[in-house]
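Analysis of the macromolecular model
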Amino acid sequence: MSTPRPAGTARRRTTRNPKWPRRTTPDLMGVALSAARRGMFVFPLWPRSKTPALHGKRRCDRTGVCAERHLGWEYRATRDPDLIRYWWRALPACNVGIACGPSTLYVLDLDPAHGDEPPPEWAGARHGRDVLAQLAARAGQPYPGDTYTVLSPSRSEHLYFQVGVDSTLRNTASRAGWRIDSRGRGGFIVAAGSMRRDGLYTIARRDPIASLPPWLVPHFTAPSSPEHDTTVSGGVHPLPDRRRRRYLDAVAGLVKHAAPKTAHDTLVRAAYTLGRLVAGGQFSEDEARAALHNAARQRRIPTHEADDAISDGLLAGAAHPRRLSDHGL
Ligand SMILES: [Zn+2]
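Since this is a predicted model, take the numbers as computed values, not measurements.

**Considerations on the packing of helix α1 (residues 28-37) against helix α3 (residues 81-90)**
Across the interface, α1 lies against α3 with an axial gap of 10 Å and an inter-helix angle of 160 degrees. In terms of their interaxial angle, α1 and α3 are classed as roughly antiparallel. Helix-helix and strand crossings are classified by hand; for α1 and α3 the assignment is right-handed. Within the contact between the two elements, α1 uses Leu-28, Met-29, Ala-32, Leu-33 and Ala-36 and α3 uses Pro-81, Ile-84, Arg-85, Trp-88 and Arg-89. Grouping the amino acids of the contact of α1 with α3 by side-chain chemistry returns 8 nonpolar, no polar and 2 charged.

**Examining the side chain of Asn-171**
Examined against the element boundaries, Asn-171 turns out to sit in the loop between β5 (157-162) and β6 (172-177). A relative accessible area of 3% means that Asn-171 is categorised as buried. Within the local environment of Asn-171, its side chain forms a polar contact with the backbone nitrogen of Gly-184, the two atoms lying 2.9 Å apart. Only 3.3 Å separates the side chain of Asn-171 from the backbone oxygen of Gly-186, close enough to count as a polar contact.

**Side note on the nonpolar core**
Grouped burial of nonpolar side chains is what soluble globular proteins tend to show. One finds Val-42, Phe-43, Trp-88, Val-96, Ile-98 and Tyr-160 to be the most contacted residues of the largest nonpolar core, which totals 37 residues. Taken together, the elements giving at least two residues each to this core come down to α1, β1 (42-45), α3, β2 (95-99), β3 (105-110) and β8 (188-190). For this core, the leading source of residues is α1, giving 6 residues. One finds Ala-263, Leu-292, Ile-310 and Leu-324 within the second-largest nonpolar core, a separate group that totals 24 residues.

**Brief notes about the environment of Pro-218**
With respect to the element layout, Pro-218 can be found in the loop between β12 (210-211) and α5 (242-256). Pro-218 sits in the exposed class, given a relative accessible area of 58%. Sequence separation between Pro-218 and Ala-176 is 42 residues; the distance between their C-alpha atoms is 8.6 Å.

**Some thoughts on the coordination of the zinc ion**
In this structure, His-55 (NE2), Cys-60 (SG), Cys-66 (SG) and His-70 (ND1) serve as the protein donors to the zinc ion, at separations of 2.0 to 2.2 Å. Angles of 103 to 117 degrees at the metal separate the 4 donor atoms of the zinc ion, which places the site in the tetrahedral class. Mapping the donors of the zinc ion onto the primary sequence gives the spacing H-x4-C-x5-C-x3-H.

**Section: the environment of Trp-88**
Relative to the assigned elements, Trp-88 resides in helix α3. For the pair formed by Trp-88 and Pro-44, sequence separation is 44 residues and the distance between their alpha carbons is 7.6 Å. Those residues within four positions of Trp-88 in sequence are excluded, and the remaining contacts are Leu-28, Met-29, Ala-32, Val-42, Phe-43, Pro-44, Cys-94, Asn-95 and Val-96. Of note is the side chain of Trp-88, whose polar atom sits 2.8 Å from the backbone oxygen of Cys-94.

**Let's talk about the pattern of salt bridges**
One pass over the structure, following the stated rule, counts 13 salt bridges. A salt bridge links Glu-157 to Arg-129, with the shortest nitrogen-to-oxygen separation between them at 2.4 Å. With Glu-157 in strand β5 and Arg-129 in helix α4 (residues 128-139), this pair connects stretches of sequence that are 28 residues apart. Taking relative accessible area as the criterion, Glu-157 reaches 13% and is therefore assigned buried. For Asp-307, the salt bridge goes to Arg-289, with nearest N and O atoms at 3.8 Å. Remark: Arg-289 occurs in helix α7 (residues 285-298) and Asp-307 occurs in helix α8 (residues 303-318); sequence separation between them is 18 residues.

**Here we look at the packing of aromatic side chains**
One pass over the structure, following the stated rule, counts 7 aromatic pairs. A ring pair is formed by Trp-73 and Phe-188, whose centres lie 5.0 Å apart and whose planes are at 80 degrees; its orientation type is edge-to-face. Placement of the pair is Trp-73 in helix α2 (residues 73-76) and Phe-188 in strand β8, with a sequence separation of 115 residues. We classify Trp-73 as buried; its relative accessible area is 13%. Through a chain of ring-to-ring contacts, three or more aromatic side chains come together here, namely Phe-43, Trp-73 and Phe-188. Taking NZ or CZ as reference, Arg-69 lies 5.5 Å from the ring centre of Tyr-75, over its face.

**Structural notes on the confidence of the model for the protein**
Of the residues in the protein, 85% reach a pLDDT of 70 or more, and the chain-wide mean stands at 86. Confidence drops under pLDDT 50 across residues 1-17; counting only partners more than four residues distant or on other chains, this segment forms 22 contacts. Confidence over residues 224-239 falls short of pLDDT 50; this stretch has 29 contacts with residues more than four positions distant or in other chains.

**Re the packing of α5 against helix α6 (residues 263-279)**
Look at α5 against α6: their axes get within 8 Å of each other, and the N-to-C directions meet at 160 degrees. Classed by the angle they form, the pair α5 and α6 counts as roughly antiparallel. Seen along the crossing, α5 lies across α6 with a hand that is right-handed. Two secondary-structure elements touch here, α5 through Tyr-247, Leu-248, Val-251, Leu-254 and Val-255 and α6 through Thr-266, Leu-267, Ala-270, Thr-273, Leu-274 and Leu-277. Considered class by class, the residues forming the contact of α5 with α6 number 9 nonpolar, 2 polar and no charged.

Cut-offs used in this document
- Residues numbered from 1 in each chain as written.
- Predicted model: local features only at pLDDT ≥ 70, side-chain atom pairs only at ≥ 80, totals over all residues.
- Heavy atoms only, no water.
- Axes fitted to C-alpha atoms, helices over the stretch in contact; angles between N-to-C directions.
- Helix = DSSP H or I, 4+ residues; strand = E, 2+ residues; numbered from the N terminus.
- Parallel < 35°, antiparallel > 145°, perpendicular 65-115°, else oblique.
- Left-handed = near helix turned anticlockwise from the far one by under 90°.
- Contact = heavy atoms within 4.5 Å.
- Nonpolar A, V, L, I, M, F, W, Y, C, P; charged D, E, K, R; others polar.
- Buried < 20%, exposed > 50% of the residue type's maximum accessible area, 1.4 Å probe, protein only.
- Polar contact = N/O pair within 3.5 Å; in protein donor to acceptor, adjacent residues only side chain to side chain.
- Core = buried A, V, L, I, M, F, W, Y, C linked by side-chain atoms within 4.5 Å.
- Donors = N, O, S within 2.8 Å, 3.2 Å for Na, K, Ca; no water.
- Tetrahedral: all angles 85-135°; square planar, octahedral: opposite > 155°, others 65-115°.
- Salt bridge = Lys/Arg side-chain N within 4 Å of Asp/Glu carboxyl O.
- Phe/Tyr/Trp six-rings, centres within 6.5 Å; stacked < 30°, edge-to-face > 60°.
- Lys NZ or Arg CZ within 6 Å of the ring centre and 35° of its normal.
- pLDDT = per-residue confidence, 0-100.

And the structure:
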């Protein structure tokens, strides 16, 4: 039997003991099952990230569920408890994504100002919540806060609303007002109980999910020039360009092709390399985690073990920020 790890010692492990719990991992299968029981369609996100763990179009091999055509997370999200158990047994540390469209949810994402000054139109606002309050006041309506609400680790508030099955409302970014984004068709939200490096998504309000107040709808209706969808909840990252993608593939390739006994150490080193570039602002932490988890999965490194190795490597790399030179890869 293993003994408890003394505080302050390295967290990296080279041996596994399935009876010994890893870090403080919440019961994410339980989170997914309970969301599904409440009618939500869920799918896995890579550990500590908000990046879908189901393969994207670029990596599709057109087999299995994708034999006819590639099916993305929005189509594969499920309420089926058997499929949920299957997914989270295979990927136990994965966060829980809720596909808003199939779940007939519309979620307002109210962000803190993080020290930024609002534009004159929203003078005095310190948070998307203040902007929503101003919108309500202008419409002569009560603040629409009596609904199920989740607080993200970065202090964003996610207000959940029910919409009809025929709702065509899609994702928006700052369309309704400063620091107000939203997720609808084509969008997902991270479920309460999921975990990021900087903390947990927690329930701020346990109320039932209210219907979307009709006065809010026009604020989220598409203008004549359509915005592109943001499929990453809570933050928008531009698509990596070809060079960045090639770099991620190259680093992940080191893990994929490492000799059997060195796969774990190679994963830590690859995470360290990417951790430096994340700290240098060249990649988002989410895309680094996704690339590393994809590689680890192909090497059949268990998700928990990969999560530990990746978190350790990223953390160590963050202490030495670096940017890619104009030459190199
Ligand atoms: Zn596919």
